[in-house]
Amino acid sequence: MTQLLTLITKIGLNRMNQDLESIFYLSNRKVFIMNRKEFIEQVISSCTKTRNEIDKSVASEKTKITITVKREELELGQIQRHLNIIERAEKKKAKARSSITLTFEGYNNRSLIQHSEIREYLRRLFKIKPHMFYYLSKESNIQAILLSLLEVDTGTYGKLFADRLKGQAEFTFYGADLNSHIRKHVIPAIRYANKMKESPNAQKDLIVFLLDSIDYERLNEEL
């Protein structure tokens, strides 16, 4: 009996090790956890043109805009009303940076990832407006939106995520390369800021704002 229990324990530990390895690997590639400074430097170098100019800070008086997505709009796949609001914000340029609060009527903004209709909506929105993080406010729960954009199957883990959420990111347990995912959605926002002729310092501030909003270090700890 003792030998049998020992064998079962070894099998259990091996299975656990395999599960842990699947968390840190995606397509047999180890996920590289990049610290904040390295992340910022990499994004800035890939997005920001070298310019010798006086630093221009983003306008202090910001526009405040709220987009509330109604349930029927989600069900019917209606997005044009929201795009019209975003395009009006785009005309304000830097004044509208980080000014749009995106909410979903009847949904908890902390558990967006549980709902396939919201994930589909966000993927569609970011396909049309890949620089959307340039305009989203922290009140939009940028972390929840970022995770909802992950191209993975939630499967039975949706409930596990909901049960353990508490504002953090257990969804990283799907084994996704989170750093690549963050870069994928941060870089278009920084390139957009560059297009708006914002200074490198202003662009760096935007990266810091986004990393703070998604609780970057905590997400990496969860990996």
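It should be emphasised that the depicted structure is a prediction, and the values quoted were computed from it without experimental measurement.

This brings us to the overall build of the protein. When its secondary structure is counted, the protein shows 10 helices and 4 strands. Each helix and strand of the protein, ordered N terminal to C terminal, gives the series α-β-β-α-β-α-α-β-α-α-α-α-α-α. Of the contacts formed within the protein by residues at least 6 apart in sequence, a portion of 78% connects residues at least 24 apart. Within the structure as shown, the protein displays about 12,900 Å² of accessible surface, and the carbon and sulfur contribution to it stands at 51%.

What follows deals with the side chain of S98. Locating S98 in the fold gives a position in the loop between α4 (80–91) and β4 (100–104). Setting aside anything within four residues of it in sequence, one finds S98 in contact with Y134, Y135, L136, S137, L206 and F209.

Turning our attention to the packing of helix α2 (residues 36–47) against helix α9 (residues 200–213). Contact geometry for α2 and α9: axes closest at 10 Å, N-to-C directions at 135°. Compared by their axis directions, α2 and α9 come out oblique. In this structure, α2 crosses over α9, and the sense of that crossing is right-handed. The segment α2 lies against α9, with R36, F39, I40, V43 and I44 engaging P200, Q203, K204, I207, V208, L211 and D212. Looking at the contact of α2 with α9 residue by residue, the class counts come to 8 nonpolar, 1 polar and 3 charged.

In a regular helix each residue adds 1.5 Å, so 13 residues correspond to 18 Å; helix α5 (residues 116–128) covers 19 Å between its end C-alpha atoms and thus fits that length. All of the buried residues in α5 are I118, R119, Y121, L122, L125 and F126. All buried residues of α5 project into a common sector of 160° when viewed along the axis, lining one side. Across α5 from its buried face, at more than 90 degrees, point the exposed residues E120 and K127. Those residues of α5 that are buried lie in contact with β3 (65–69), α3 (71–76), α4, β4, α6 (142–148) and α8 (178–195).

Right, let's talk about the pairing of β3 for a bit. The alternating pattern of β3 places I65, I67 and V69 on a buried face, while none of T66 and T68, on the opposite face, is buried. By the bridge criterion, 5 bridges tie β3 to β4 in an arrangement that is parallel. Paired with V69 across the two strands is F104, which belongs to β4.

A few words on the environment of R124. By the element assignment, R124 lies in helix α5. A C-alpha to C-alpha distance of 8.8 Å links R124 and I79, two positions 45 residues apart in sequence. Every residue in contact with R124, bar those within four places of it in the chain, is listed here: G77, Q78 and I79. Polar contacts involving the side chain of R124 include one to the main-chain carbonyl oxygen of G77, which spans 2.4 Å.

This part is about the pattern of salt bridges. Scanning the entire structure with this criterion turns up 6 salt bridges. Where E217 meets R36, a salt bridge forms, and the shortest distance between an N and an O atom there is 2.8 Å. Of the two residues, E217 is situated in helix α10 (residues 216–222) and R36 in helix α2; the sequence distance between them amounts to 181 residues. One salt bridge connects E73 with R81, and the closest N-O pair in it is separated by 2.8 Å. A residue is classified by how much of its surface remains accessible, and E73, at 7% relative accessible area, is buried. Several salt bridges share partner residues, and in doing so they unite R36, D212 and E217 into one network.

With that settled, consider the nonpolar core. Core analysis: the biggest nonpolar cluster contains 54 residues, and L102, F104 and F133 have the highest contact counts within it. Looking at which element gives the most residues to this core, the answer is α8, with 8 residues. Once residues within four sequence positions are removed from consideration, L102 is found in contact with I67, V69, N109, Y121, L122, L125, L136, S140 and I145.

Here the focus is the confidence of the model for the protein. Per-residue pLDDT for the protein averages 76, and the proportion of residues at 70 or more is 66%. Considering only residues more than four positions removed or in separate chains, one finds that residues 52–59, a stretch of pLDDT under 50, has 13 contacts. This model gives residues 165–173 a pLDDT under 50, and the stretch forms 32 contacts once residues within four places in sequence are excluded.

Attention shifts here to the packing of α8 against α9. With their axes 10 Å apart at the nearest point, α8 and α9 run at an angle of 150° to one another. Taken together, the axes of α8 and α9 lie roughly antiparallel to each other. By crossing handedness, the relation of α8 to α9 is classed as right-handed. Residues I182, V186, A189, I190, A193 and N194 of α8 form the contact with α9, whose participating residues are Q203, L206, I207, L210 and L211. Counted by class, the contact of α8 with α9 contains 9 nonpolar, 2 polar and no charged residues.

Rules used throughout
- Residues numbered from 1 in each chain as written.
- Predicted model: local features only at pLDDT ≥ 70, side-chain atom pairs only at ≥ 80, totals over all residues.
- Heavy atoms only, no water.
- Helix = DSSP H or I, 4+ residues; strand = E, 2+ residues; numbered from the N terminus.
- Contact = heavy atoms within 4.5 Å.
- Areas by Shrake-Rupley, 256 points an atom, 1.4 Å probe, with all protein chains shown as cover.
- Axes fitted to C-alpha atoms, helices over the stretch in contact; angles between N-to-C directions.
- Parallel < 35°, antiparallel > 145°, perpendicular 65-115°, else oblique.
- Left-handed = near helix turned anticlockwise from the far one by under 90°.
- Nonpolar A, V, L, I, M, F, W, Y, C, P; charged D, E, K, R; others polar.
- Expected span 1.5 Å × (residues − 1).
- Buried < 20%, exposed > 50% of the residue type's maximum accessible area, 1.4 Å probe, protein only.
- Arc of directions from axis to C-beta.
- Pairing = 2+ DSSP bridges.
- Polar contact = N/O pair within 3.5 Å; in protein donor to acceptor, adjacent residues only side chain to side chain.
- Salt bridge = Lys/Arg side-chain N within 4 Å of Asp/Glu carboxyl O.
- Core = buried A, V, L, I, M, F, W, Y, C linked by side-chain atoms within 4.5 Å.
- pLDDT = per-residue confidence, 0-100.

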